[in-house]
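Commentary on secondary and tertiary structure
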Amino acid sequence: MNSRLLAFALATSALALGATGPARAQTDPAAVAKGYRAPHNASGQPDISGVWSNATITRLERDPKYGERLILTPAEAATIEGASDQRNARLRANTDTTIKDPDKLPECQSGAQGAACGYNAFWTDPGTRLVRIGGEARTSILTSPANGRLPGRPSVPAARARAQLGGNFDNPENRALGERCIVGFGGTSGPPMMPVLYNNHYQIQQTKDAVVILVEMIHDARIVRIGGVHPSPEVRTWMGDSIGHWEGDTLVVETANLRREQGLRGPEDNMKVIERFTRVSPQQILYQFEVVDPAAFSAPVKGEEALNFTRDRIYEYACHEGNYAMTGILAGARQAEKEGRPVEGNRGQVKEEGGD
């Protein structure tokens, strides 16, 4: 059997395993594209431009009950999506105006309840469907390790605790990055680019020398240079330094020099992210990523998402305008200190809005 026939046989076997097979570390884009080739732009590059969305109800990490199984059966997928639809219908129903105690109001989209509910379902758009790649619904975004769980090292403190050198309410710098309008909540800006509670659109623009990924959340614009080398490791930027090259129809992006406040649960100094963008149909880009961070993870972390084409437009995210939350949070903490009252959660962990 020659190498091409062997590769075809292996790919066919993997697809045939379906719901009963173990997790696959990374999907072969050709097996998903099924002969589709992306059109090329004026620069001769595969055209991945447009507005895309990674909104999904699939979680980053897999529910342990699935073990090493990456693929859901059609019945399982229908049950999960049906339950999500029912919950959304309940959350979008008119509020019972007879309820006067805010703590007794129904939960909001984020799962919070009562006064802790910052946004109700009207304002959120996390998606209603599972990640589907090659028509198969996934149990998790993570594909490796095989159990779909982050292989964190016990000695590594929580990422947000590392990023917070002081108390939550001591200074603006101790608040979450999204709250400060610097980069998107929950890793949406990437790399890797994660789906969150709302604003899951990305507009990709291409030139001969660069690819720009405009992120809907917080207005981030990530520039990927085609070719070149990374600057000195001492030069650290928001969203890191991204260099891309084309491997056939796939854009491969390597990002280094990330700040420690960013990355997948907060990187250590030498974290690198490898991303692969392959247009596998007119309606979908297969987005694959690998996070290499030996200091934080005991093994490489890999994952896959579907970037689905949309005709929606991205409008300006006016983050600071009318945002009185920062002033209210810090002023409230200062008032509590003047009154000698403990500031609840003052040394706790910031819970980012929209995170997984």
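Scroll up for the structure.
Residues numbered from 1 in each chain as written. Predicted model: local features only at pLDDT ≥ 70, side-chain atom pairs only at ≥ 80, totals over all residues. Heavy atoms only, no water.

It is worth spelling out the overall build of the protein at this point. Of regular secondary structure, the protein possesses 5 helices and 12 strands. Here the protein, with 356 residues, has 44% of them falling under the buried criterion. A sequence separation of at least 24 residues applies to 63% of the contacts in the protein between residues at least 6 apart. As displayed, the protein offers around 18300 Å² of accessible surface, 54% of which is attributable to carbon and sulfur atoms. (Helix = DSSP H or I, 4+ residues; strand = E, 2+ residues; numbered from the N terminus. Buried < 20%, exposed > 50% of the residue type's maximum accessible area, 1.4 Å probe, protein only. Contact = heavy atoms within 4.5 Å. Areas by Shrake-Rupley, 256 points an atom, 1.4 Å probe, with all protein chains shown as cover.)

Another point: the nonpolar core. Residues Leu264, Phe277 and Val291 are the most contacted members of the largest nonpolar core, which totals 35 residues. With 5 residues, the single largest contributor to this core is strand β11 (residues 284-292). Setting aside anything within four residues of it in sequence, one finds Val291 in contact with Pro192, Leu264, Met271, Lys272, Val273, Phe297, Pro300 and Val301. Listed in part, the 9 residues of the second largest apolar core include Leu197, Met217, Tyr317 and Cys319. (Core = buried A, V, L, I, M, F, W, Y, C linked by side-chain atoms within 4.5 Å.)

Side chains carrying opposite charge are able to pair once their charged atoms draw close together. Summed over all chains, the structure comprises 15 salt bridges. For Glu76, the salt bridge is made with Arg69, and the minimal N-O distance between the two is 2.9 Å. The network of salt bridges with common partners includes Glu81, Asp85, Arg129 and Arg132. (Salt bridge = Lys/Arg side-chain N within 4 Å of Asp/Glu carboxyl O.)

So, on to the packing of aromatic side chains. Summed over the entire model, instances satisfying the criterion amount to 3 aromatic pairs. For the pair Trp52 and Phe309, a centre-to-centre distance of 5.6 Å together with 75 degrees between the ring planes defines the contact as edge-to-face. Here Trp52 is found in strand β1 (residues 50-53), whereas its partner Phe309 is found in strand β12 (residues 301-309), with 257 residues between them in sequence. Look at Trp52 and you get buried, because its relative accessible area is 0%. Classification of Phe309 as partly exposed rests on a relative accessible area of 29%. Relative to Phe289, the ring of Tyr287 has its centre 6.1 Å away and its plane inclined at 40 degrees; by these criteria the two rings are tilted. Each member of the pair, Tyr287 as well as Phe289, is classed as buried. It is Arg259 that lies over the ring of Trp238; its NZ or CZ is 3.9 Å from the centre. (Phe/Tyr/Trp six-rings, centres within 6.5 Å; stacked < 30°, edge-to-face > 60°. Lys NZ or Arg CZ within 6 Å of the ring centre and 35° of its normal.)

Looking now at the environment of Ile226. Summarising the element assignment, Ile226 is placed in strand β7 (residues 221-226). Taking C-alpha positions, Ile226 is 4.7 Å from Gly244, a pair spaced 18 residues apart along the chain.

A separate point is the side chain of Glu305. Its place among the elements puts Glu305 in strand β12. One buried charged residue, Glu305, forms no salt bridge at all, with the nearest opposite charge on Arg222 at 10 Å. With sequence-adjacent residues up to four places away left out, Glu305 is seen in contact with Asn54, Val131, Ile133, Ile141, Met193, Met194, Pro195, Ile285, Leu286, Tyr287 and Phe289. (Lys, Arg positive; Asp, Glu negative; His and termini not counted.)

Among the secondary structure elements, Thr310 is positioned in the loop between β12 and α5 (325-338). On the accessibility criterion, Thr310 (15% relative accessible area) is buried. In contact with Thr310, other than residues within four places in its own chain, are Val51, Trp52 and His201.

We now examine the state of the cysteines. Throughout the structure, instances matching the rule amount to 1 disulfide. Across the disulfide from Cys181 sits Cys319; the S-S distance is 2.0 Å. The sign of the S-S torsion, about -80 degrees, decides the handedness of the disulfide formed by Cys181 and Cys319: left-handed. One end of the pair, Cys181, is in the loop between α4 (159-163) and β5 (201-206); the other, Cys319, is in the loop between β12 and α5, with 138 residues separating them in the sequence. By relative accessible area, Cys181 is classed as buried at 7%. (Disulfide = S-S within 2.5 Å.)

Attention now moves to the pairing of β11. In terms of burial, β11 is a largely internal element, 7 of the 9 residues being buried. Count of turn residues in the strand β10 (residues 272-281)/β11 antiparallel hairpin: 2 residues. The pairing of β11 with β12 spans 8 bridges and is antiparallel. Of the residues in β12, the one forming a bridge with Leu286 is Ala306. (Pairing = 2+ DSSP bridges.)

Functional significance is not addressed by these values, which are geometric in nature.
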